[in-house]
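Here are the chains, one letter per residue:
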Amino acid sequence: MHHVHNMANIWLPVKVVESMKAEADSWYQLETGGILMGYRTNDSEDVVVTTFIGPGKNAVHKRYRFEPDTEWQIGRIQAIYEATNRIHTYLGEWHTHPKGSTSLSILDRKTLSKIANSRETRAPTPIMAIMAGQPEEWKIGAYCLMKGSKLFIFRKLATLNLITYVPSNDSS
């Protein structure tokens, strides 16, 4: 009997999606991105994003590559982690593929593997969201590297089902 892997959901606040689009628009033609913060639900494999961290002012934006301002991002991660009583943690990364597709590139897969195997990130099953397209036409694809062998080729890459939501405490 084979275990069928149910598609997990990634919950993205509408405000976060809007902010990601604004970030993507401002760097259009070049890649940009950042970090997704939030939590995982205990009873399922669902991922709930609560906020995102931008690229940082010293990030490098190129046509087919993006390198974040890691030092600045780490400071933001720690601040959010502490401000939420250690509930909202690093979940993974997001970046754009201008005029491209929401599929993961070879480099994206290597990055996911690096994140999963890094002690610092504490994210053995990291997520990666790709925002592809162009202004007014951005699409998002989200993926999660499943638990498994250290060797990426033996690890399952799950596609997450994207759900946008408005947090209940969000009155605006």
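Scroll up a little and you will see the structure.
My aim in this report is to walk through the structure given alongside it, one point at a time. This structure is a prediction, so every number in the text was calculated from the model and none was measured. As a convention, each chain's residues are numbered from 1 in the sequence order in which they are written. Per-residue local features of the predicted model are confined to residues with pLDDT of at least 70, and side-chain atom pairs are confined, for both listing and counting, to 80 or more; whole-chain, interface and lining totals are unaffected and use all residues. Side-chain metrics in this entry use all non-hydrogen atoms of the structure; hydrogen atoms and water are not considered.

When its secondary structure is counted, the protein shows three helices and nine strands. Numbering of helices and strands runs from the N terminus, with a helix taken as a DSSP run of H or I at least four residues long and a strand as a DSSP run of E at least two residues long. For the protein, the N- to C-terminal ordering of α and β elements is β-α-β-β-β-β-α-β-α-β-β-β. Three exposure classes are used, based on accessible area relative to the maximum for each residue type with a 1.4 Å probe and protein chains only: buried under 20%, partly exposed in between, and exposed over 50%. A buried classification covers 43% of the 172 residues belonging to the protein. Residue pairs at least 24 apart in sequence account for 63% of intrachain contacts in the protein once pairs closer than 6 positions are excluded. Here, Shrake-Rupley sampling with a 1.4 Å probe gives the accessible areas, and only protein chains in the shown set may cover a residue. Of the accessible surface of the protein, which amounts to about 10,200 Å², a share of 53% is contributed by carbon and sulfur atoms. Throughout, a residue-residue contact means that at least one pair of heavy atoms, one from each residue, lies within 4.5 Å.

Attention shifts here to the nonpolar core. Formed by 22 residues in total, the largest nonpolar core has its most connected members in Ile10, Met20, Leu36, Val49, Ile127 and Leu160. Beyond its immediate chain neighbours, meaning those up to four positions away, isoleucine 127 contacts Ile10, Leu36, Arg40, Val47, Leu91, Gly92, Glu93, Leu112, Tyr143, Cys144 and Leu160. What is meant by a nonpolar core is a set of buried Ala, Val, Leu, Ile, Met, Phe, Trp, Tyr and Cys residues, joined one to another through side-chain atoms within 4.5 Å. Core analysis: the second largest hydrophobic core is formed by eight residues, Ile35, Met37, Ile53 and Ile77 among them.

Turning our attention to the sheet that holds strand E3 (residues 47-53). Between any two strands, pairing holds if DSSP finds at least two bridges. Here seven strands make up a closed barrel; going around it, the order is E1-E3-E2-E6-E7-E8-E9 and the pairing mixed. Averaged over all adjacent pairs, the angle separating strand axes in this sheet is 35°, with direction ignored. Where strand E1 (residues 9-13) meets E3, two bridges bridge the pair, whose relative direction is parallel. Looking at the pairing, isoleucine 10 lines up with valine 47 of E3. The sheet contacts of helix H1 (residues 14-26) involve E1, strand E2 (33-40), E3, strand E6 (89-98), strand E7 (127-133), strand E8 (139-145) and strand E9 (157-165), and relative to E1 the element is tilted by about 75°. Where helix H3 (residues 106-117) meets the sheet, its contacts fall on E6, E7, E8 and E9, and the angle it forms with E7 comes to roughly 155°. Helix axes are fitted only over the stretch in contact, all axes being lines through C-alpha atoms; the angle between N-to-C directions runs from 0 to 180 degrees.

Quick look at helix H2 (residues 70-83) now. A helix is expected to span 1.5 Å multiplied by its residue count minus one. With 14 residues, H2 extends 20 Å between its outermost C-alpha atoms, agreeing within 8% with the 20 Å of an ideal straight helix rising 1.5 Å per residue. Here H2 has its buried residues at Gln73, Ile77 and Ile80. Viewed along the axis of H2, the buried residues span an arc of 70°, placing them on a single side of the element. In H2, those exposed residues whose orientation departs by more than 90 degrees from the buried face are Glu71, Glu82 and Ala83. Of the surrounding elements, those touching the buried residues of H2 are E2, E3 and E6. What the arc describes is the spread of directions from the helix axis to the C-beta atoms.

Once that is clear, we can look at the environment of valine 17. Assignment of secondary structure puts valine 17 in helix H1. It is 9.8 Å that separates the C-alpha atoms of valine 17 and tyrosine 165, two residues lying 148 residues apart in sequence. Not counting residues up to four positions away in its chain, the partners in contact with valine 17 are Leu12, Met131, Ile140 and Thr164.

Function cannot be read off these values alone, since they describe shape.
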